[in-house]
Amino acid sequence: MTSDVKESFSGDSPPAPAALAAKVRTLAPSMTRSMQLVAEAVAGDPAGCAALTVTGLAERTGTSEATVVRTARLLGYPGYRDLRLALAGLAAHQESGRAPAVTADIAVDDPIADVVAKLAYDEQQTLADTAAGLDTVQLGAAVAAASTARRIDVYGVGASSLVGQDLAQKLLRIGLIAHAHTDPHLAVTNAVQLRSGDVAIAITHSGSTGDVIEPLRVAFDRGATTIAITGRPDGPVSQYADHVLTTSTARESELRPAAMSSRTSQLLVVDCLFIGVAQRTYETAAPALSASYEALAHRHNPRAR
């Protein structure tokens, strides 16, 4: 089992039955193969597995009773009995013919007010999970490196590129030289120019995005300080990262993919990084920020020009 997988139950309320399949998809990459077998079985046949004892499920999956219990706890249930109850509820839900879930908790026929409330709650949980799991020692080291960097390059593709652009824009406004690269070829050619004293930041939820890993590897080889912001700290990107900042991965589902949930956690991490840098460079950051506000004031209020 990888180090980022927790076997102990957190004490929070167990997930709703409809959230089980989404939770399995999210956590499966971090499980051992034997735990994956159990998780795939319960998600694929909730009715059949609900009828099994812990011994029966262990025999069905070719694993052990201890593995079944650990899997149940990893999925958010205090024990196997609680998982069985959730499986029975999920099976009943499926047999009832009710509208399928759009996300783990939102159905296609939910009123829009319920959608707003559920998404707001889920975003709050994502932020709380990210804050709880963020290594402040690693964050402090990343802040220190960025605060004194000659130049900062940020790499990301897809939704992560939007987060990277947000970070670079913030850093520019406090007087730092920062660029967000979304074109993988330009990212690599720019990374070649980095050296000791520069910083390269890779943002990838999966930790395995080749177009992000490649420029980070080049920057690492050139002697730049490298930072990875990822939901998979055991992924390939970490091989080339001096500092790893971990984001939450626990709330993905089929129609609420990484582009939504992970973006929220990534934005929290880059905001923490930015504020830390702004604190350390306050004497120059504050005047630079004021100057940028003043320069743009007429665009918000034409009479101010």
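Residues numbered from 1 in each chain as written. Predicted model: local features only at pLDDT ≥ 70, side-chain atom pairs only at ≥ 80, totals over all residues. Heavy atoms only, no water.

## Some points on the overall build of the protein chain
Formally: A run of H or I in DSSP counts as a helix once it spans at least four residues, and a run of E counts as a strand once it spans at least two, with each numbered from the N terminus. Relative accessibility under 20% of the residue-type maximum defines a buried residue, over 50% an exposed one, and the middle range a partly exposed one, all with a 1.4 Å probe and only protein chains included. Any pair of residues with heavy atoms lying within 4.5 Å of one another is described as a contacting pair.
When helices and strands are tallied, the protein chain shows 13 helices and five strands. For the protein chain, with 305 residues in total, the buried portion stands at 42%. Summarising the internal contacts of the protein chain: among those between residues at least 6 apart in sequence, 71% fall at separations of at least 24.

## Let's talk about the sheet that holds strand S2 (residues 178-181)
In any sheet, the strands associate via hydrogen bonds between backbone groups, in a parallel or an antiparallel arrangement. Note the threshold: When DSSP locates at least two bridges between a pair of strands, those strands are taken to pair. Working convention: axes come from line fits to C-alpha atoms, limited for helices to the stretch in contact. Angles between N-to-C directions cover 0 to 180 degrees.
Here we have five strands laid out as an open sheet, ordered S2-S1-S3-S4-S5, and parallel in their pairing. A single partner strand is all that each edge strand has here, and the edge strands are S2 and strand S5 (243-246). Between one strand and the next, the sheet's axes are offset by a mean angle of 15°, whatever the strand orientation. Pairing geometry for strand S1 (residues 152-155) and strand S3 (residues 199-204), over four bridges, is parallel. Looking at S3, one finds that Val154 is bridged to Ile201. Taken strand by strand, helix H9 (residues 159-173) contacts S1, S2 and S3, and its axis lies near 165° from that of S2.

## Some words on the pairing of S3
The criterion, for reference: Seen with the strands pointing away from the viewer, any crossover whose path from the first strand over the helix to the second strand runs clockwise is right-handed.
Burial of S3 is extensive: six of the six residues sit out of reach of the surface. Side chains of S3 alternate between two faces, with Val199, Ile201 and Ile203 and Ala200, Ala202 and Thr204 buried alike. Pairing between S3 and strand S4 (residues 225-230): six bridges, direction parallel. Following the sheet pairing, Ala202 is matched in S4 by Ala228. At this point the chain moves from S3, through helix H11 (residues 210-221), to the parallel S4, and the crossover so formed is right-handed.

## Quick word on the packing of aromatic side chains
Applied cut-off: What counts as a ring pair is set by centres within 6.5 Å for rings of Phe, Tyr and Trp (its six-membered ring), and what kind of pair is set by the plane angle: stacked under 30 degrees, edge-to-face over 60, tilted for all other angles.
This structure, assessed with the given rule, holds one aromatic pair. Taking 6.1 Å as the distance between ring centres and 65° as the angle between the ring planes, the aromatic pair formed by Phe220 and Tyr240 counts as edge-to-face. Here Phe220 is found in helix H11, whereas its partner Tyr240 is found in the loop between S4 and S5, with 20 residues between them in sequence. On the basis of relative accessibility, which here comes to 21%, the residue Tyr240 falls in the partly exposed class.

## Things to note about the environment of Ala187
Within the fold, Ala187 resides in helix H10 (residues 184-191). Once the C-alpha coordinates of Ala187 and Asp153 are considered, the two residues, 34 residues apart in sequence, prove to be 8.3 Å apart. Once residues lying within four places of it in the same chain are set aside, the contact partners of Ala187 are Tyr155, His181 and Pro215.

## Side note on the pairing of S1
Residue alternation in S1 divides its side chains into two sets, Ile152 and Val154 and Asp153 and Tyr155, and both sets are buried. Bridge count between S1 and S2: four bridges; the pairing is parallel. Looking at S2, one finds that Ile152 is bridged to Ala178.

## Side note on the pattern of salt bridges
Put simply, the test is: Salt bridges are identified by distance alone: a Lys or Arg side-chain nitrogen within 4 Å of an Asp or Glu carboxyl oxygen.
Scanning the model with the defined rule gives eight salt bridges in all. Where Arg60 meets Asp45, a salt bridge forms, and the shortest distance between an N and an O atom there is 3.1 Å. Within this pair, whereas Arg60 is found in helix H4 (residues 54-61), its partner Asp45 is found in the loop between helix H2 (33-44) and helix H3 (46-50), the two being separated by 15 residues in sequence. Arg217 is the partner of Asp221 in a salt bridge, and the nearest nitrogen-oxygen pair spans 2.9 Å. Of the two residues, Asp221 and Arg217 are both situated in helix H11; the distance of four residues between them amounts to about one turn of the helix. Its relative accessible area of 52% is what places Asp221 among the exposed residues.

## Here we look at helix H5 (residues 65-74)
Rules: The arc in question is formed by the directions pointing from the helix axis toward the C-beta atoms.
Every buried residue of H5 is accounted for by Thr67, Val68, Thr71, Ala72 and Leu74. The buried residues of H5 all sit within an arc of 165° when viewed along its axis, so they share a single face. Positive backbone phi, approximately 110°, marks Gly76, located one or two places after H5.

## Here we look at the environment of Asp211
Here Asp211 shows up in helix H11. Placed 56 residues apart in sequence, Asp211 and Tyr155 show a C-alpha to C-alpha distance of 8.4 Å. When near neighbours in sequence (up to four residues on either side) are disregarded, Asp211 contacts Val157 and Pro184.

## Here we look at the confidence of the model for the protein chain
Threshold: Within a predicted model, pLDDT stands for the predictor's per-residue confidence, ranging from 0 to 100.
In this model, the protein chain carries an average pLDDT of 84, and 82% of its residues clear a pLDDT of 70 or more. Per-element mean pLDDT across the protein chain ranges from 70 in helix H1 (residues 20-27) up to 98 in S1. Predicted confidence for residues 1-12 stays below pLDDT 50, and this span has 20 contacts to residues more than four positions away or in other chains. Every residue in residues 251-258 scores below 50 in pLDDT, and together they form 28 contacts with partners more than four places removed in sequence or on other chains.

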